[in-house]
Amino acid sequence: MGKNLFIHSYEEIISVENLLDAWCEFRRGKRVRADVLEFERQLMTNILSLHRDLADLTYEHSSYEAFTISDPKTRNIHKATVADRVLHRALYRKLYPFFDSKFISDSFSCRVNKGVHKGLNRFNDYGRKESLNHHKTVWILKCDVRKFFATIDQRVLLQIVERSIADQRVKWLLEKIVGSFYSERDGVGLPLGNLTSQLFANVYMNDFDQFVKHSLGVKRYIRYADDFVLLSRDKAYLEKLLPKMKEYLKERLQLELHPQKIELKTFASGVDFLGWVHFPDHRVLRTATKRKMIRVLNQNPNGATFNSYKGLLSHGNTQGLLQVIVKALSGNW
């Protein structure tokens, strides 16, 4: 069938074995939660019931529980039932390795062996290479997709995903999960609470990544979720790329760049990306991230919380900040 087609069958995805493996992965860190405990009390009955509905093609996705979090930006989270989340993970277990192999190396969000720290290191590496070890001025174009998860077009997403899938039942299941939610209008949006949403978002934006890397031929491009940067010594080159990227996002993916979050500036002036403000020879913590960290530490002044942030601070020039925090919090420990 070749590398370009998803090889796992519908039977593999919905098998009791895969559902149980998905359950074991899902319950890690959640075993004391009431809904998880309730599901576990009749685990095999619930797993077999889910399997039967899937095998009979009578499965229906349940409604979501909605709530908001502030981190510090306010986000609307939609939480599915335990049975649905187990199914999400069972599907994810089979889909992720296949689609991840298609992603560009410079996509860092929600991927195994990637993440923020790897993205920060790649940004620093590209800045050094493009500036010829800080001897040349580097321009950085930074963009942010406006209301990304809330504006993903489900029809376009399914077209992209289903190009690689031959089994009609797998397509049916994907349509059930993707179509279980909408944000501003029917057929648009993905819920932030779903594990599958993280993968689907990367699949969706991979279409854009491939356009930037291969059609536009951009050499130094990094994306993390809906944020991306391009680095070049040629400011005019980046200026010419911007309308082409805007057009592709709008025409192909029904997405728009946030007009207030498009920046084109020199590396030397400081570029805010992935929680840090980057300069050619160092990076400092973003002010909003610093304030959140201090607020959390004041609310939870314990060694575990401090050590987690100490790990974050180790990725930049923060010795002075670390000393201030230690001094301010020492009386609470």
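Scroll up to find the structure this text is about.
Residues numbered from 1 in each chain as written. Predicted model: local features only at pLDDT ≥ 70, side-chain atom pairs only at ≥ 80, totals over all residues. Heavy atoms only, no water.

Colleague: Looking at this structure, I do not really get unusual backbone geometry. What am I missing?
Modeller: In this structure, N113 takes a positive phi of about 65° despite not being glycine. Its place among the elements puts N113 in the loop between helix 5 (82-100) and helix 6 (116-130). Backbone geometry at K147 places phi at a positive 45°, although glycine is not the residue there. Tracing the chain through its elements places K147 in the loop between strand 3 (139-144) and helix 7 (148-151). (Helix = DSSP H or I, 4+ residues; strand = E, 2+ residues; numbered from the N terminus.)

Colleague: In this structure, what is going on with the pattern of salt bridges? I would like to understand it.
Modeller: All chains considered together, the criterion is met by 20 salt bridges. D35 is paired through a salt bridge with R85; the nearest N and O atoms lie 2.9 Å apart. You can see D35 sitting in helix 3 (residues 34-41) and its partner R85 sitting in helix 5, a full 50 residues away along the chain. D35 gets classed as partly exposed once you look at its relative accessible area, which sits at 25%. Given a relative accessible area of 13%, R85 falls into the buried group. We note a salt bridge from R223 to D209, for which the minimum N-O separation is 2.9 Å. Taken together, the positions of R223 in strand 4 (residues 221-224) and D209 in helix 10 (residues 195-215) put the pair 14 residues apart, joining distant regions of the chain. Relative accessible area serves as the criterion here: at 1%, R223 is assigned to the buried category. Taken together, the salt bridges that share partners define one network made up of E11, D167 and R169. (Salt bridge = Lys/Arg side-chain N within 4 Å of Asp/Glu carboxyl O. Buried < 20%, exposed > 50% of the residue type's maximum accessible area, 1.4 Å probe, protein only.)

Colleague: Got a minute to help me understand the packing of aromatic side chains in this structure?
Modeller: Ring pairs (aromatic) are described by centroid distance and by the angle formed between their planes. Taken as a whole and assessed by the stated rule, the structure comprises 14 aromatic pairs. With a centroid separation of 5.8 Å and an interplanar angle of 80°, the aromatic rings of Y64 and F181 are classed as edge-to-face. With Y64 in the loop between helix 4 (43-55) and strand 1 (65-70) and F181 in the loop between helix 9 (168-178) and helix 10, the pair connects residues that are 117 residues apart, well separated along the chain. In terms of burial, Y64 and F181 fall into one category: buried. Between F123 and F267 the ring centres are 5.6 Å apart and the planes differ by 85°, which places this aromatic pair in the edge-to-face class. A residue pair is termed long-range when its members are at least 10 positions apart, and F123 in helix 6 and F267 in the loop between strand 6 (263-266) and strand 7 (271-273) qualify at 144 residues. Grouping aromatic residues by their ring pairs yields a cluster made of F208, F211, Y221, F228 and Y248. If you follow K30 out to its NZ or CZ, it ends over the ring of F26, 4.6 Å from the centre. (Phe/Tyr/Trp six-rings, centres within 6.5 Å; stacked < 30°, edge-to-face > 60°. Lys NZ or Arg CZ within 6 Å of the ring centre and 35° of its normal.)

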